[in-house]
Amino acid sequence: MEGSTPRGRTRIQKEKREVILEAALEVFSTNGFRGSTIDQIAEAAGMSKPNLLYYFRRKEDIHETLMHRLLETWLAPLKELDNIGDPMTELRGYIRRKLEMARDFPRESRLFANEILQGAPRIMAMLEGELKTLVDEKVDVIKGWMRSGKVVQADPWHLIFAIWATTQHYADFDVQVRAVLGPDRGGEGRFEDAARFLEQLFIEGLRPKS
């Protein structure tokens, strides 16, 4: 796998790894896994290919490291969904955190989307394992809210999918969003506009009718 164990890495080695991973994120998110090469990553990192191969022996190792980091980042907002909190407050917070990630991590979102479009050959174990386990856990939380009458009856899995789809759209299709909104509405304020709309769409749709 990699050139040295985590415990044995020096500060310089850690910094070099981060430079490589940052360069690889740019290359992979632009070209996809198949369209990316070690030479491209080395050039983007500003180092020789032999130097890069000291830290990561294969392109697959770099990609795997990035995908593990990405999944941890992607799952963090869902992990924060708390069954003890008010459902509307929890869902509103989740929607906003997902939009913040779309704004702050567009390359990571494209990297993930590219992998999924290829059939997820390198992350299927993560999807069927850690991701499915967490989603099933949060589905039980949402079902509890529904049983107690705090949220209208709906399919909790497809609710989560819908939040993913509508929030990640602003990362994966950002060029289209800005082009259609135009210069007056396509600035940074588009994320706040999106948050208000999605809150209205989901929160009002899930709020029990008196």
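Residues numbered from 1 in each chain as written. Predicted model: local features only at pLDDT ≥ 70, side-chain atom pairs only at ≥ 80, totals over all residues. Heavy atoms only, no water.

(A) Here's a closer look at the overall build of the chain. From N to C terminus, the chain includes 10 helices and 0 strands. Listed by position from the N terminus, the elements making up the chain come as α-α-α-α-α-α-α-α-α-α. Oriented by its inertia axes, the alpha-carbon framework of the chain measures out at about 65 × 40 × 30 Å. A burial count over the chain gives 43% of its 210 residues as buried. Partitioning the intrachain contacts of the chain with sequence separation of at least 6 by distance along the chain shows that 68% fall at a separation of at least 24. Accessible area of the chain: about 11,500 Å², with a carbon and sulfur share of 54%. Each charge class in the chain can be summarised by its mean position, and for the 32 positive and 33 negative side chains these summaries are 2 Å apart. (Helix = DSSP H or I, 4+ residues; strand = E, 2+ residues; numbered from the N terminus. Buried < 20%, exposed > 50% of the residue type's maximum accessible area, 1.4 Å probe, protein only. Contact = heavy atoms within 4.5 Å. Areas by Shrake-Rupley, 256 points an atom, 1.4 Å probe, with all protein chains shown as cover. Lys, Arg positive; Asp, Glu negative; His and termini not counted. Charge placed at Lys NZ, Arg CZ, Asp CG, Glu CD.)

(B) Looking closely at the UniProt feature "domain: HTH tetR-type" (unreviewed entry) in the chain. UniProt marks residues 14–74 with the feature "domain: HTH tetR-type" (unreviewed entry), using the numbering shown here. Across residues 14–74, the secondary structure splits into 80% helix and 0% strand, with the terminal C-alpha atoms separated by 23 Å. (UniProt positions renumbered as here; feature names shortened; annotations may be inferred.)

(C) Here's a closer look at the domain arrangement of the chain. You can read the domains of the chain as domain 1 (11–57) and domain 2 (67–206). For domain 1 and domain 2, the distance between their C-alpha centroids amounts to 29 Å. Listed by partner, the interface residues are 10 residues for domain 1 and 8 residues for domain 2. Approximately 910 Å² of surface area, both sides summed, lies buried where domain 1 meets domain 2, with 48% of it carried by carbon and sulfur atoms. Here domain 1 and domain 2 share 3 salt bridges between them. A salt bridge links arginine 69 to glutamate 18; the shortest N-O distance between them is 2.5 Å. (Domains from an automatic or database assignment. Buried area = accessible area lost by both parts, 1.4 Å probe. Salt bridge = Lys/Arg side-chain N within 4 Å of Asp/Glu carboxyl O.)

(D) Quick look at the UniProt feature "DNA-binding region" (unreviewed entry) in the chain. The UniProt feature table records "DNA-binding region" (unreviewed entry) at residues 37–56. Between the end C-alpha atoms of residues 37–56 the distance is 13 Å, and the span holds 75% helix and 0% strand.

(E) Spatial organisation of the side chain of serine 36. For serine 36, the location among the structural elements is in the loop between helix H1 (11–31) and helix H2 (38–45). Polar side-chain contacts of serine 36 include one of 2.6 Å to the backbone oxygen of glycine 32. For serine 36, the contacting residues outside a window of four places in its chain are Val27, Phe28, Asn31 and Lys59. (Polar contact = N/O pair within 3.5 Å; in protein donor to acceptor, adjacent residues only side chain to side chain.)

(F) Structural view of unusual backbone geometry. With a phi close to 55°, alanine 120 is a non-glycine residue in the positive phi region. Tracing the chain through its elements places alanine 120 in the loop between helix H6 (106–117) and helix H7 (124–147).

(G) Structural view of the packing of aromatic side chains. Here the structure, examined in full by the defined rule, presents 3 aromatic pairs. Relative to phenylalanine 33, the ring of phenylalanine 28 has its centre 5.9 Å away and its plane inclined at 20°; by these criteria the two rings are stacked. Under the relative-accessibility criterion, phenylalanine 28 is labelled buried at 0%. For the pair tyrosine 54 and tyrosine 55, a centre-to-centre distance of 4.9 Å together with 90° between the ring planes defines the contact as edge-to-face. In this structure tyrosine 54 comes out as partly exposed when scored by relative accessible area, which is 40%. The ring of phenylalanine 33 has lysine 59 sitting right over it, with the charged end atom 4.2 Å from the ring centre. (Phe/Tyr/Trp six-rings, centres within 6.5 Å; stacked < 30°, edge-to-face > 60°. Lys NZ or Arg CZ within 6 Å of the ring centre and 35° of its normal.)

(H) Representation of the confidence of the model for the chain. For the chain, per-residue confidence averages 92 on the pLDDT scale, and residues scoring 70 or more make up 96% of the total. Per-residue pLDDT, averaged within each element of the chain, yields its smallest value for H6 (89) and its largest for H2 (97). (pLDDT = per-residue confidence, 0-100.)

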